[in-house]
Amino acid sequence: MRRKDVLDLDDFSPDEIREVLETTSAMKEVLARPIKRVPPLRGKTIVNCFYEASTRTRVSFELAAKNLSADVVNISASGSSVEKGESLVDTTRTLQALGADMVVMRHAASGAPYAVARELSASVINGGDGWHAHPTQALLDLFTVQSRLGRIDGRRIAIIGDVLHSRVARSAAWGFATMGASVILCAPPTLLPIGLDTAILAGLRAKGVATEVAGTPAVAMTHDIDAALRDADVVMALRVQRERMDAGLLPSLREYARAYGLTRERLARARFGAVVLHPGPMNEGVEIAPDVAHGSQSAIEEQVTNGVAVRMAVLYLLAGGRAGPAV
Ligand code: NCD
């Protein structure tokens, strides 16, 4: 992988994404062994800076780094100098002085990992920045869909929920469209970011990727959930991000669940056997019904499991590892 940082998938080529997915398969083989630890990152220090709540992503990066034999240090906002008002610039200087080889950063401000990456010679991986991007989540979604359905290109991906506040939706749209799938983003009109579809289409065009898949745009938006579900091979439900929401965007959670919740009846309108995804944490009974979340079409637990292998692949490739099964 010829890049220093992984900040979003908007600048990833299809070949680069394929390289990550292939390496993820190799890492899955490592994880199936009785002893899961392999040596490629021995002697490297990875600093996990999580300045916003996280369980899955933080633990998953930590396990990934440890499985590759790296030393891992965790920093969170509470209990660190950030609480005392340390700026991002100071934090960056400290990370540099401590000799971190790689930094994983989650931050409430969109763009924070970019600012750090510019200053730091170490690799920076974005673990979620504000409403903006969450590239390793999108990579694990891609891997999960490829494992379940065999291929990504030509598939139709419906992403339903609070698209406005979702870094998961943005990165997933970039990732799936770059790999030749068509993405339909669906939300109530107040939670649909105007212009996101045309912005991504322009970006796809700029990197030479098709902007149409079998006659439909590679990325589109709608507030009509029936239209979004029609012919969908994958249905991703998004969490209603109440912590990011101003009053007035939704009448009530009950009303939202009635109009946009992914129930069994609604899921039946997608393709037979459509794969159900959710990045977690879930509000069961709001954006997704419990029987859908835990039903046979759900790949939600696989997403979490695959997250470790995907992050191992990203760390390994950024450290100069080569794609392929020889780990
Ligand atoms: C998401 C996040 O934090 O961006 N969760 C995750 O990383 N698995 C989505 C969310 O919080 O809803």
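Let me begin by describing the structure that accompanies this report. (Residues numbered from 1 in each chain as written. Predicted model: local features only at pLDDT ≥ 70, side-chain atom pairs only at ≥ 80, totals over all residues. Heavy atoms only, no water.)

Here's the deal with the pattern of salt bridges
Reasoning step 1: Per the counting criterion, the structure on display carries 17 salt bridges.
Reasoning step 2: Here Arg18 ties to Asp15 by a salt bridge, and the two come within 3.0 Å at their closest N and O atoms. Here Arg18 and its partner Asp15 are both found in helix α1 (residues 14-31), three residues apart, which amounts to about one turn of the helix.
Reasoning step 3: Since its relative accessible area comes to 40%, Arg18 is described here as partly exposed.
Reasoning step 4: For Arg93, the salt bridge is made with Asp90, and the minimal N-O distance between the two is 3.8 Å. Within this pair, Arg93 and its partner Asp90 are both found in helix α3 (residues 88-98), separated by three residues, close to a single helical turn.
Reasoning step 5: Through salt bridges with shared partners, a single ionic network connects Arg3, Asp11 and Glu16. (Salt bridge = Lys/Arg side-chain N within 4 Å of Asp/Glu carboxyl O. Helix = DSSP H or I, 4+ residues; strand = E, 2+ residues; numbered from the N terminus. Buried < 20%, exposed > 50% of the residue type's maximum accessible area, 1.4 Å probe, protein only.)

Considering the packing of α1 against helix α5 (residues 135-149)
Reasoning step 1: Following both chains from N to C, one finds α1 and α5 inclined at 70°, their axes separated by 10 Å at the closest point. On the basis of the axis angle, α1 is roughly perpendicular to α5. You can see that α1 and α5 cross each other, and the crossing is right-handed. Contacts between α1 and α5 involve Ile17, Val20, Leu21, Thr24, Ser25 and Lys28 from the first element and Leu139, Leu142, Phe143 and Gln146 from the second.
Reasoning step 2: Here the contact of α1 with α5 is composed, by residue class, of six nonpolar, three polar and one charged. (Axes fitted to C-alpha atoms, helices over the stretch in contact; angles between N-to-C directions. Parallel < 35°, antiparallel > 145°, perpendicular 65-115°, else oblique. Left-handed = near helix turned anticlockwise from the far one by under 90°. Contact = heavy atoms within 4.5 Å. Nonpolar A, V, L, I, M, F, W, Y, C, P; charged D, E, K, R; others polar.)

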